[in-house]
Amino acid sequence: MTTAVAPSTAALSAADRCDRCGAQAYLRVELQSGGELLFCAHHAREHGDKLKEIAANVVDETHKLSNTPASAADDER
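Residues numbered from 1 in each chain as written. Predicted model: local features only at pLDDT ≥ 70, side-chain atom pairs only at ≥ 80, totals over all residues. Heavy atoms only, no water.

1. A closer look at the environment of Val58
Move 1: Secondary-structure assignment places Val58 in strand S3 (residues 55–60).
Move 2: The class of Val58 is partly exposed, set by a relative accessible area of 42%.
Move 3: A C-alpha to C-alpha distance of 9.6 Å links Val58 and Glu36, two positions 22 residues apart in sequence.
Move 4: For Val58, the residues in contact, after removing those within four places along its chain, are Leu27 and Arg28. (Helix = DSSP H or I, 4+ residues; strand = E, 2+ residues; numbered from the N terminus. Buried < 20%, exposed > 50% of the residue type's maximum accessible area, 1.4 Å probe, protein only. Contact = heavy atoms within 4.5 Å.)

Take a look at the structure:
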C-alpha cells in the first residue's frame with residue numbers, strides 16, 4: 001500500500017524552524033521520497049545543490065529577508 005502526500009502550499013510561518021539549527025525556516029523542501037525538510041536561508045544556500053537533486057517541490061521564501069518593513073522605511077524619511 002502506498003500513501004500519497006499532497007504538496008504543502010501553506011506559507012512558512014515563524015513557528016517553522018530549520019531542521020539543522022532551529023532558526024526560522026524560509027525554505028521547505030518536499031522530498032521525492034515523501035518527506036519534508038525545512039531550512040533557514042543559510043542552510044538552504046549551503047545545501048542547495050544537493051536539495052535540488054532530491055526535491056519534488058520547493059517552497060522558497062528567502063525573498064522575505066530582503067524586504068524592508070514599512071515602519072523602517074517610514075523612519076528614514
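2. Looking at the nonpolar core
Move 1: By size, the foremost hydrophobic cluster in this structure holds 9 residues: Cys18, Leu27, Val29, Leu31, Phe39, Cys40, Ala44, Leu51 and Ala55.
Move 2: For Val29, the contacting residues outside a window of four places in its chain are Gly35, Glu36, Leu37, Phe39, Leu51, Ala55 and Asn57. (Core = buried A, V, L, I, M, F, W, Y, C linked by side-chain atoms within 4.5 Å.)

3. Digging into the pattern of salt bridges
Move 1: Evaluation of the coordinates by the stated rule reveals 3 salt bridges.
Move 2: Across the salt bridge formed by Glu36 and Arg28, the nearest N and O atoms sit 3.3 Å from each other.
Move 3: The exposure class assigned to Glu36 is partly exposed, which follows from its relative accessible area of 43%.
Move 4: Accessibility expressed as a relative area gives 6% for Arg28, which makes it buried. (Salt bridge = Lys/Arg side-chain N within 4 Å of Asp/Glu carboxyl O.)

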